[in-house]
Amino acid sequence: MSGSEFDYEGTLEACAGGDRAAFKRLYQQEAGQLLGLAITLLGRRDQAEDCLHDALLKVWVNADRFDRSLGSGRAWIYSILRYRALNQLRGRKQLVASNDGFINYMADETAQAEELADARSSARQLRDCLRLLERPRRHPILLAFYRGLTHDQIAARLSAPLGTIKGRIRAGLRALQECLQP
Amino acid sequence: MIPQAPEQRRALIGEYVLGLLEEPEATEVRELIEHDRDAASMALEWERHLLDLADALPAQTPSPALWQRLQQSLGWQSSVDQADSSLARWWNSLGLWRLTSAGLALLVLLSWLPGVLRDSASGPSYTAVLQVPGESARPGWVITVDASGTLHLESLVADQIPPDNSVQFWTLIDPKDGPRSLGLIEPGKGVTLSAEQIGAVQAGQLFELTLEPKGGSPLNRPTGPVLYIGRAVLTASN
């Protein structure tokens, strides 16, 4: 449901103008995918729905602050959802037990540089570039994105020293931006 | 200190977007993003790339109540919805379900319910009796879908569930689409869902209540045992 034809920027601008039908279209287009991410981050459907509710209220209320010259409207919506979900996670005392099967699977996906040589860098997607990283750099980035873990929590999960994890993430992000830069 | 070199700055903003920075660095970067257009654009660019990871996840259907709740929070509740809830109050005030034994309630329900609502709308109406799986003599819940398409779920039992669990309501129209969550249910308490929330009901449509971890299934399908299950039966088609 990446909805490449859906006009996120135009819809957000319509929301900024008070167009309720536009907000409903946005909900129908994106609520399911947003909820999928919220459930993955928070591990509980009820809290994920609370998070989605709060995030969508913010989208409506702050729609006039969206500026299409800064970037993608869809990315702006996800930034609001992720920010709320991360706040909810940071407020918890305990981590919720989670099944990291798919994260481990993605962490194991390795590609050879030649596989991507044909793709122009402007067309490369993050997952393609992640596959080019070595597993020790890729895995912490996946845990940060899908589980919202902090450096400390990632270090504990992967049984590695904190400094090592910080260094790997930083190096991984630099390699990603190099791969993604047009 | 926020680095000036664009490459380093971009990577640091990436860490911020992932939620990895601690204070005071996080606040420094947040303020930079608020005041510097280039930084804001870098942050949004990271977020756009991360959409590729979000899209690797399956979408999950929100419970029908979420849209209604959003409209309430925004102060948009339409007059149609208000009419629905006043009907629900009238309906609940009858206390019909609590008057009689389960079997008698069912008989009463099947015989007069469609007639009562016939003049208010013109669609078909349905009933489903949800029973303990494999035990046809133990009805636990009754679903009625009236001619306006509104679904009422009413309890005939007062089950206790473990404190670490929730009961979740599901429907299955076509096995290839998989079950759709209709939200969490309080044991022993009914719920009313509008036609818009529930969609068109078909004869034979499956409804079930499952025992899930507290807060509901973490997946887009039931993960726990089925407590009650039943299929919709057409009771009137005008």
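Preceding block: the structure.
Here's a quick rundown of the structure. (Residues numbered from 1 in each chain as written. Chains lettered and ligands numbered in written order. Predicted model: local features only at pLDDT ≥ 70, side-chain atom pairs only at ≥ 80, totals over all residues.)

## Some words on the overall build of chain A
Here is step 1 of the chain: Within chain A, the regular secondary structure consists of 10 helices and 0 strands.
Here is step 2 of the chain: Along its sequence from the N terminus, chain A presents helices and strands in the succession α-α-α-α-α-α-α-α-α-α.
Here is step 3 of the chain: Split into buried and exposed, the 182 residues of chain A put 41% on the buried side.
Here is step 4 of the chain: Long-range contacts, defined here as pairs at least 24 residues apart, represent 62% of the contacts in chain A between residues at least 6 apart. (Helix = DSSP H or I, 4+ residues; strand = E, 2+ residues; numbered from the N terminus. Buried ≥ 20, exposed ≤ 12 C-beta atoms within 10 Å, placed from the backbone. Contact = placed C-beta atoms within 7 Å.)

## Some remarks on the overall build of chain B
Here is step 1 of the chain: Broken down by element type, chain B carries 8 helices and 9 strands.
Here is step 2 of the chain: Residue burial in chain B is summarised as follows: out of 238 residues, 35% are buried.
Here is step 3 of the chain: Restricting to contacts in chain B with at least 6 residues of sequence separation, those with at least 24 account for 62%.

## With respect to the interface of chain A and chain B
Here is step 1 of the chain: Listed by partner, the interface residues are 46 residues for chain A and 42 residues for chain B.
Here is step 2 of the chain: When residues in the side of chain A that touches chain B are grouped by element, the largest group, 10 residues, is from helix H2 (residues 20-42) of chain A.
Here is step 3 of the chain: Classifying every residue of the side of chain A that touches chain B gives 21 nonpolar, 16 polar and 9 charged. (Nonpolar A, V, L, I, M, F, W, Y, C, P; charged D, E, K, R; others polar.)

## Examining the packing of H2 of chain A against helix H3 (residues 45-62) of chain A
All names here are of chain A.
Here is step 1 of the chain: Closest axis-to-axis distance for the H2/H3 pair is 9 Å, and the angle between their directions is 140 degrees. Here H2 lies oblique to H3, going by the angle between them. Pair H2 / H3 crosses with right-handed handedness. Across the interface between the two elements, Phe23, Tyr27, Ala31, Leu34, Leu35, Ala38, Ile39 and Leu42 of H2 pack against Arg45, Gln47, Ala48, Glu49, Cys51, Leu52, Leu56 and Trp60 of H3.
Here is step 2 of the chain: For the contact of H2 with H3, the per-class residue count stands at 13 nonpolar, 1 polar and 2 charged. (Axes fitted to C-alpha atoms, helices over the stretch in contact; angles between N-to-C directions. Parallel < 35°, antiparallel > 145°, perpendicular 65-115°, else oblique. Left-handed = near helix turned anticlockwise from the far one by under 90°.)

Coordinates in, geometry out; function isn't part of it.
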